[in-house]
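Here is how the chains run, residue by residue.
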There are 2 protein chains.
Amino acid sequence: MPKTEARGARKTVPSTPQRELQELAAARIVIEEVSPEINGGRFPAKATPGQPLIVQADIFCDGHGVIDAAILSRRAGKSAWTESPMRYLDNDRWRGEIALDHQAPHEFTIIAWRDLFASWRAEVVKKSDAGQSLGSELAEAGRLIEQAIDGDRVGKAVDRRGLDILLKAFRAAEDDAARLGLMLSDEVAALFRRAGPRTDLTRYDRVLPIRVDRPEAAFSAWYELMPRSQSGDASRHGTFDDVIARLPYIRDLGFDVLYMPPIHPVGRVNRKGRNNSLTAGPDDPGSPYAIGSEEGGHDAIHPELGDFDDFARLVAAAAEHGLEVALDFAIQCAPDHPWVREHPEWFDWRPDGTIKYAENPPKKYEDIVNVHFYRDALPSLWYALRDVLVFWAGRGVRIFRVDNPHTKPLPFWEWMIADVQSRYPDTIFLAEAFTKPKMMKRLAKIGFTQSYSYFTWRNTKQELTEYLTELTRSECRHYMRPNFFVNTPDINPFYLQTGGRAGFQVRLVLAATLAGNYGIYNGFELCEAAAIPGREEYLNSEKYEIRAWDWDRPGHIRDDVARVNRLRRQHPALRDFTNVEFYNAWNDNILYYGRRTPDRESFILVAVNLDPHAVQAADFEVPLWEFGLPDHASIRAEDLVTAQPFTWRGKIQHMHLDPAVRPYEIWRLIGEADAS
Amino acid sequence: MPKTEARGARKTVPSTPQRELQELAAARIVIEEVSPEINGGRFPAKATPGQPLIVQADIFCDGHGVIDAAILSRRAGKSAWTESPMRYLDNDRWRGEIALDHQAPHEFTIIAWRDLFASWRAEVVKKSDAGQSLGSELAEAGRLIEQAIDGDRVGKAVDRRGLDILLKAFRAAEDDAARLGLMLSDEVAALFRRAGPRTDLTRYDRVLPIRVDRPEAAFSAWYELMPRSQSGDASRHGTFDDVIARLPYIRDLGFDVLYMPPIHPVGRVNRKGRNNSLTAGPDDPGSPYAIGSEEGGHDAIHPELGDFDDFARLVAAAAEHGLEVALDFAIQCAPDHPWVREHPEWFDWRPDGTIKYAENPPKKYEDIVNVHFYRDALPSLWYALRDVLVFWAGRGVRIFRVDNPHTKPLPFWEWMIADVQSRYPDTIFLAEAFTKPKMMKRLAKIGFTQSYSYFTWRNTKQELTEYLTELTRSECRHYMRPNFFVNTPDINPFYLQTGGRAGFQVRLVLAATLAGNYGIYNGFELCEAAAIPGREEYLNSEKYEIRAWDWDRPGHIRDDVARVNRLRRQHPALRDFTNVEFYNAWNDNILYYGRRTPDRESFILVAVNLDPHAVQAADFEVPLWEFGLPDHASIRAEDLVTAQPFTWRGKIQHMHLDPAVRPYEIWRLIGEADAS
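Residues numbered from 1 in each chain as written. Chains lettered and ligands numbered in written order. Predicted model: local features only at pLDDT ≥ 70, side-chain atom pairs only at ≥ 80, totals over all residues. Heavy atoms only, no water.

Before we go on, may I ask you to explain the relation of the copies chain B and chain A in this structure?
Put simply, the two copies of the chain differ by a rotation about an axis and a shift along that axis. Its rotation angle being 180 degrees, the transformation that places chain B on chain A also includes 0.0 Å of axial translation and leaves an RMSD of 0.1 Å. The symmetry that links the two subunits is that of a two-fold axis. Among all C-alpha atoms of chain B, that of B:Gly40 lies closest to the rotation axis, at 3.3 Å. (Least-squares fit on C-alpha atoms with pLDDT ≥ 70 in both.)

Looking at this structure, how should I read the sheet that holds strand E20 (residues 581-582) of chain B?
Strand-to-strand pairing in sheets goes through backbone hydrogen bonds, with the strands running parallel or antiparallel. Residues and elements named next belong to chain B. What the six strands build is an open sheet, ordered E20-E21-E22-E27-E24-E25; its pairing is antiparallel. Edge strands, defined here as strands with exactly one partner in the open sheet, are E20 and strand E25 (644-649). Where strand E24 (residues 634-639) lies against strand E27 (residues 664-672), five bridges are found, and the strand directions are antiparallel. The partner of alanine 637 across the bridge, within E27, is leucine 669. (Pairing = 2+ DSSP bridges. Helix = DSSP H or I, 4+ residues; strand = E, 2+ residues; numbered from the N terminus.)

Sorry, what's going on with the interface of chain B and chain A here?
Listed as interface residues are 90 residues of chain B and, on the opposing side, 90 residues of chain A. Approximately 7900 Å² of surface area, both sides summed, lies buried where chain B meets chain A, with 52% of it carried by carbon and sulfur atoms. In this assembly, chain B and chain A are joined by twelve salt bridges. Here chain B is connected to chain A by 31 residue pairs in polar contact (both at pLDDT 80 or more). For the side of chain B that touches chain A, the element with the highest residue contribution is helix H11 (residues 410-423) of chain B, accounting for six residues. (Contact = heavy atoms within 4.5 Å. Buried area = accessible area lost by both parts, 1.4 Å probe. Salt bridge = Lys/Arg side-chain N within 4 Å of Asp/Glu carboxyl O. Polar contact = N/O pair within 3.5 Å; in protein donor to acceptor, adjacent residues only side chain to side chain.)

Looking at this model, I keep getting lost on the pairing of strand E4 (residues 67-75) of chain B. Mind explaining?
Remark: a regular strand shows side chains that alternate across the two faces of the sheet. Residue and element names in this part refer to chain B. The buried fraction of E4 amounts to eight of the nine residues, a majority that puts the element mostly inside the structure. Strand direction decides the pairing type here: E4 and strand E7 (residues 106-114), joined by nine bridges, are antiparallel. Counterpart to isoleucine 71 in the pairing with E7 is isoleucine 110. As paired elements, E4 and strand E5 (residues 82-90) share four bridges and run antiparallel to each other. Across the sheet, leucine 72 pairs through a bridge with glutamate 83, a residue of E5. In sequence, E4 turns back onto E5 through a hairpin of six residues, with glycine 77 there showing a positive phi of about 90 degrees. (Buried < 20%, exposed > 50% of the residue type's maximum accessible area, 1.4 Å probe, protein only.)

What should I look at first to understand the environment of B:Ile145 in this one?
All names here are of chain B. Locating isoleucine 145 in the fold gives a position in helix H3 (residues 135-150). Judged by relative accessible area, which is 0%, isoleucine 145 ranks as buried. On a C-alpha basis, the gap between isoleucine 145 and phenylalanine 192 in space is 8.8 Å, while along the polypeptide they are 47 residues apart. Aside from chain neighbours lying at most four places away, what touches isoleucine 145 is Leu163, Leu166, Leu167, Phe170, Met183 and Phe192.

It is not clear to me how helix H13 (residues 461-473) of chain A should be interpreted in this structure. Could you clarify?
An α-helical turn contains 3.6 residues, so a residue and the one three or four places further along point in the same direction. Residue and element names in this part refer to chain A. With 13 residues, H13 extends 17 Å from end C-alpha to end C-alpha; this agrees with the ideal 18 Å at 1.5 Å per step. Taken as a whole, H13 has its buried residues at Lys461, Leu464, Tyr467, Leu468, Leu471 and Thr472. In an axial view of H13, the angular spread of the buried residues amounts to 145 degrees, which keeps them on one side of the axis. If you follow the buried residues of H13, they end up packed against strand E18 (482-485), helix H14 (494-514), strand E20 (581-582) and strand E21 (590-596). (Expected span 1.5 Å × (residues − 1). Arc of directions from axis to C-beta.)

Explanation requested: the environment of A:Cys333 in the structure shown.
Residues and elements named next belong to chain A. For cysteine 333, the location among the structural elements is in the loop between strand E12 (324-329) and helix H9 (338-342). Along the primary structure cysteine 333 and histidine 298 are separated by 35 residues, whereas in three dimensions their C-alpha atoms are 8.7 Å apart. Contact partners of cysteine 333, with chain neighbours within four places excluded, come to Ile291, His298, Trp339, Phe347, Asp367, Ile368 and Val369.

I tried to follow the packing of helix H4 (residues 157-172) of chain A against helix H6 (residues 186-195) of chain A on my own but got confused; where do I start?
Packed helices, taken two at a time, are described by their axes: the angle between them and the distance between them. Residue and element names in this part refer to chain A. Running from N to C, H4 and H6 point in directions that differ by 130 degrees, and their axes come no closer than 10 Å. Taken together, the axes of H4 and H6 lie oblique to each other. Taken as a pair, H4 and H6 cross one another with a handedness that is left-handed. From H4, Asp159, Gly162, Leu163 and Leu166 reach across to H6, where they touch Val188, Leu191, Phe192, Arg194 and Ala195. Across the contact of H4 with H6, the residue classes break down as six nonpolar, one polar and two charged. (Axes fitted to C-alpha atoms, helices over the stretch in contact; angles between N-to-C directions. Parallel < 35°, antiparallel > 145°, perpendicular 65-115°, else oblique. Left-handed = near helix turned anticlockwise from the far one by under 90°. Nonpolar A, V, L, I, M, F, W, Y, C, P; charged D, E, K, R; others polar.)

So what exactly am I meant to see when it comes to the nonpolar core here?
In terms of nonpolar packing, the biggest core is built from 122 residues, with B:Phe311 and B:Trp413 touching the most fellow members. In contact with B:Phe311, not counting residues within four places along its chain, are B:Phe240, B:Met260, B:Ile263, B:Ile301, B:Val325, B:Leu327, B:Trp392, B:Arg395 and B:Val397. Membership of the second largest hydrophobic core comes to 121 residues, among which are A:Met260, A:Tyr383, A:Ile417 and A:Ala444. (Core = buried A, V, L, I, M, F, W, Y, C linked by side-chain atoms within 4.5 Å.)

Can you help me understand the environment of B:Tyr249 in this one?
All names here are of chain B. Looking at the element boundaries, tyrosine 249 is found in helix H7 (residues 240-253). On the basis of relative accessibility, which here comes to 13%, the residue tyrosine 249 falls in the buried class. Placed 309 residues apart in sequence, tyrosine 249 and arginine 558 show a C-alpha to C-alpha distance of 9.8 Å. Aside from chain neighbours lying at most four places away, what touches tyrosine 249 is Tyr223, Glu525, Leu526, Trp551 and Arg558.

Help me out: how do you make sense of the confidence of the model for chain A in this one?
Residue and element names in this part refer to chain A. Residues of chain A with pLDDT of at least 70 account for 98%, and the chain-wide mean is 95. Note that residues 1-8 has pLDDT below 50 and, in this model, 18 contacts with residues that lie over four places away or in other chains. What the predictor reports for the complex is a pTM of 0.95 with an ipTM of 0.94. (pLDDT = per-residue confidence, 0-100.)

How do you make sense of unusual backbone geometry when you look at a structure like this?
With the exception of glycine, most residues fall at negative phi, and the peptide bonds are largely trans. Cis rather than trans, the peptide bond between A:Ser35 and A:Pro36 has omega equal to 0 degrees. Inspection of the secondary structure assignment puts A:Pro36 in the loop between strand E1 (30-35) and strand E2 (45-47). Of note in the backbone geometry, B:Glu33 takes a positive phi value of approximately 50 degrees without being a glycine. One can find B:Glu33 in strand E1 (residues 30-35). Using a relative accessible area of 48% as the deciding quantity, one classes B:Glu33 as partly exposed.

Below, the structure is given as structure tokens:
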């Protein structure tokens with residue numbers, strides 16, 4: 001039972017000094033739950049030029065007065081802030097936008113203040129509506145004008161003159177009604193908004209970073225190929241010149257990025273044979289991921305591909321075809337990589353003096369040895385790896401697909417990416433981390449520009465809806481840019497193995513219209529699906545042998561690929577992937593969604609039959625409400641596959657998707673149709 | 001199209017110095033999403049002694065190695081940390097508990113490390129299972145023992161001896177099988193857990209505060225009364241002695257806190273009459289919230305109630321009855337409060353020299369004037385208000401119900417609560433802020449110990465389920481302790497106005513069994529519901545007149561009140577309100593939920609018929625699964641209203657709640673019944 005005596009007696013505590021109290025009191029307005037703010041500002045939100053960054057925060061103050069708020073933003077390192085207004089949404093939530101035009105690090109914070117004029121105005125309107133006397137309020141109005149004139153926000157001469165004129169007019173007005181009319185005018189409201197005092201101005205206590213990348217960071221279509229398989233003859237090792245010959249084909253498909261797995265000398269020790277067998281035949285080329293031999297390591301080119309001049313020609317020719325070359329950054333080494341000899345301290349050695357090859361028990365990777373990053377490898381290995389990327393960046397490569405980053409220390413990546421980007425700000429890093437979700441997100445936070453995703457294994461309507469909702473609605477939308485690969489040399493998805501041609505069309509359209517970045521690995525457009533039975537691996541994988549492809553193989557879907565890539569470029573709605581909105585189509589096999597720009601000028605609808613084996617049909621909702629139209633309205637639209645305009649009359653329509661014909665529809669909504 | 005030349009050329013950037021790189025590299029393990037962490041550690045999580053604080057975090061590292069983690073906690077200002085283990089939950093989430101025994105500020109952080117021995121062990125087990133050779137791994141084991149002996153974690157002599165013995169035994173073992181058996185033993189695992197090296201030890205970069213209040217902060221039952229209405233005679237102003245006479249009654253109802261609205265002199269200027277009329281009759285006592293007259297202000301007692309000796313006797317007598325006195329802290333003043341004369345600079349004056357009374361247009365509160373907190377009132381008013389609370393704390397009052405805190409500056413409260421609690425650490429503040437949700441939460445963050453809630457207006461099954469889910473599952477559970485008042489002098493809820501006696505029973509049981517803190521305002525136990533028509537206000541409110549009550553009035557629910565308060569004290573399951581779990585009862589008018597201690601020793605079920613006008617029945621689920629029992633199992637239980645033991649056979653049971661009899665059931669689950 002409570003006993004006063006037993007509880008803590010009074011302690012002698014000195015009073016807070018007046019100065020300290022005034023500092024505490026200055027932060028009168030609450031600014032919290034700011035978005036985007038990643039780990040308390042430890043990591044930047046990501047943006048691209050031309051795409052405004054939306055900022056939100058909870059902002060509120062004691063009492064009933066009117067408050068206002070703004071975003072302050074600037075390029076990092078500059079002193080002058082740019083102010084962008086915020087607007088009240090609901091439930092104490094505010095929203096504003098920052099325009100970002102330069103590909104450079106930026107930062108922002110938020111300010112809020114009490115607006116005494118707006119409070120005065122709101123109170124006067126209420127009292128006036130209630131028929132209450134306003135004499136005292138009008139006397140206060142005079143004080144408000146005087147305070148504005150004396151305030152520190154009258155920057156422009158025109159505003160000072162405006163306030164002086166207002167004060168004169170106010171004093172000269174013949175009665176209260178005239179004074180009231182004057183003070184409630186829109187011009188005076190605008191004048192006070194520009195030049196009125198900001199009472200209890202409060203600033204958010206953090207400055208938050210923004211990384212602004214070039215547009216290709218968020219929007220690109222990748223084509224992956226093994227250069228050694230591009231000769232058209234499986235018995236002849238392909239060269240960079242063979243790749244150059246393929247560029248018109250890749251350009252015509254509409255891709256932006258040409259990505260090649262490692263182009264370095266391939267190790268000979270423990271080289272793997274065809275289909276990952278333990279012993280290689282004399283002509284087997286080995287896995288390009290077993291990097292390094294006596295011909296060189298990560299800064300060398302596999303001699304059979306060509307030399308540095310050939311590589312330079314490929315980079316230049318690709319650019320002429322609208323393509324940018326992306327290289328692979330895979331840190332592991334073949335046992336005969338020069339580093340093993342030159343830097344034994346970077347590797348793990350067994351007590352018997354032999355080198356430890358890679359394993360993930362019970363799996364063994366005998367053709368690969370891994371570096372470690374600590375002990376004697378810190379910092380020399382870190383510098384060496386950074387130098388590898390600087391080396392290739394110096395040769396025109398600004399996109400790197402990074403192999404398995406989640407098995408290397410996170411501080412290494414955070415440091416290395418920042419270091420390379422401080423030298424080459426336009427460098428893009430794609431994280432190939434197929435691992436647990438929080439690790440994938442952390443890699444994106446610490447600097448990876450793009451991320452491989454779980455898309456490859458999300459096939460059903462529910463799986464796709466849930467995954468896209470997470471990617472586009474949860475906090476990770478601010479820092480993680482997925483790159484939806486439909487297949488890779490390592491992943492021959494079961495869906496494609498069994499879905500036939502329509503299955504390839506389905507996955508193509510989903511990847512290309514649900515993500516900003518997507519990619520295919522060559523053979524996809526030919527509907528190549530031959531697999532090692534029961535596994536998601538390609539049969540006769542190019543990882544272990546040279547292949548020759550017939551690019552005109554019957555049944556290919558090159559037309560579909562070229563079409564979706566063309567539509568992606570033509571329609572701004574398809575750029576910012578976070579705008580996806582799932583709409584109702586009453587069939588669990590049909591995924592139906594919209595993408596639109598904020599102004600609705602570009603509004604795309606996509607419907608995909610996820611069942612590649614059977615016709616699926618459904619009633620569905622045309623989102624008339626997004627145009628403010630009633631359910632019975634008519635709306636003009638265009639079929640983007642056939643380029644035919646048409647009109648939908650009423651919200652509920654019907655679709656019929658036959659995989660034998662085409663398992664998808666892509667439409668554009670234009671706007672209300674004339675009643676006719 | 002990308003042009004290499006056009007993109008940023010290489011900048012000359014110096015390499016990161018080795019020392020800096022090593023510092024970056026040290027934080028190898030990710031520790032993020034720590035809970036509880038309020039606004040990045042700006043505000044403390046709240047706890048009470050004896051109730052362990054649950055800490056969670058996302059913790060992970062690159063690669064496949066085994067990691068481990070622990071919480072470090074201590075009393076603020078002490079140097080030595082106490083370590084508490086964390087355990088892996090799922091999806092990289094870890095969990096641990098801190099035992100908090102002292103009512104004092106605490107703090108905590110998290111450490112994590114790579115456990116090379118555990119990694120070695122896991123790999124060896126996998127390889128051994130796969131039948132692979134282990135010679136090399138066993139050679140490594142010797143190194144691991146040597147490293148442990150050389151490490152810095154061998155604190156105890158017994159562990160040092162243990163490692164030495166292990167090394168000898170390991171070297172002396174006759175073959176690999178013996179060495180393997182030794183290294184895989186549980187004793188060796190425990191030895192390494194205690195004394196093995198912690199590789200890449202990483203510490204979370206924040207130290208997070210915890211406020212530990214006394215138990216009454218989280219668990220208390222309040223009884224509110226107007227002391228002037230306790231004489232039993234509406235024509236005689238009640239005194240503190242009259243309140244003393246009521247103490248046995250309040251004790252018998254089982255309450256912990258006796259809360260009285262302001263006891264200070266009541267203003268005479270613009271005093272309100274009965275039912276909030278603008279003119280008071282000569283005998284009208286006025287609103288106790290119009291504080292201050294020539295008899296004194298916030299540090300004075302209304303003369304008709306008694307003097308300071310009488311008050312001291314009340315505080316002491318209350319304590320003897322197991323009750324603690326709570327006072328009201330309402331900052332507004334009557335126009336004749338001494339402060340108006342002594343400190344005109346604390347008030348707002350109109351241009352015509354008259355004082356501004358309180359208004360919220362078009363409403364006016366002519367009997368009240370508000371202080372402002374800035375300009376000339378800072379800091380003198382702040383000190384004066386703090387001194388008022390220190391004054392009453394010095395007279396044995398350690399619980400304050402604060403009137404409308406959301407209309408006063410938040411920095412004031414944050415400073416003042418911290419200041420008072422630094423002098424009287426056991427002081428409890430209840431925020432009476434019926435306002436927008438984010439403001440209510442912020443008040444709880446900045447220091448208010450308890451919060452009035454929206455409970456008073458949550459009546460349906462859906463409303464109650466959603467609201468309790470928010471309170472007990474979202475982040476606010478760490479800092480906001482709701483106090484569920486069923487009624488107040490200001491709120492006569494429509495549900496009670498129309499629900500009859502059963503309605504009062506319903507709201508009583510909900511408040512008492514859904515929240516740690518709850519309260520009633522006198523008259524509730526008598527089912528008093530007379531209202532101003534169409535409003536949630538009491539007719540003939542005690543705020544404006546003296547009332548006399550017949551405490552034995554027919555139809556009262558004093559038995560129910562005493563019962564729920566007794567059950568609250570008897571059953572530990574009812575202490576931590578965040579343990580509420582809603583179970584299935586297939587009737588939208590029946591709310592059915594469980595409360596239990598983590599060990600299930602105390603397990604309470606409550607079912608309430610929310611419809612006070614009709615019998616409601618439902619099948620419902622007995623949560624056998626919480627005891628690990630199958631659906632057909634039998635479980636022993638007790639009816640806590642009738643004190644009758646019984647057995648439920650099978651998961652699905654049926655209930656029948658008749659408001660004319662009793663609209664609720666309270667049961668206790670005991671455990672599996674013998675098959676019989």
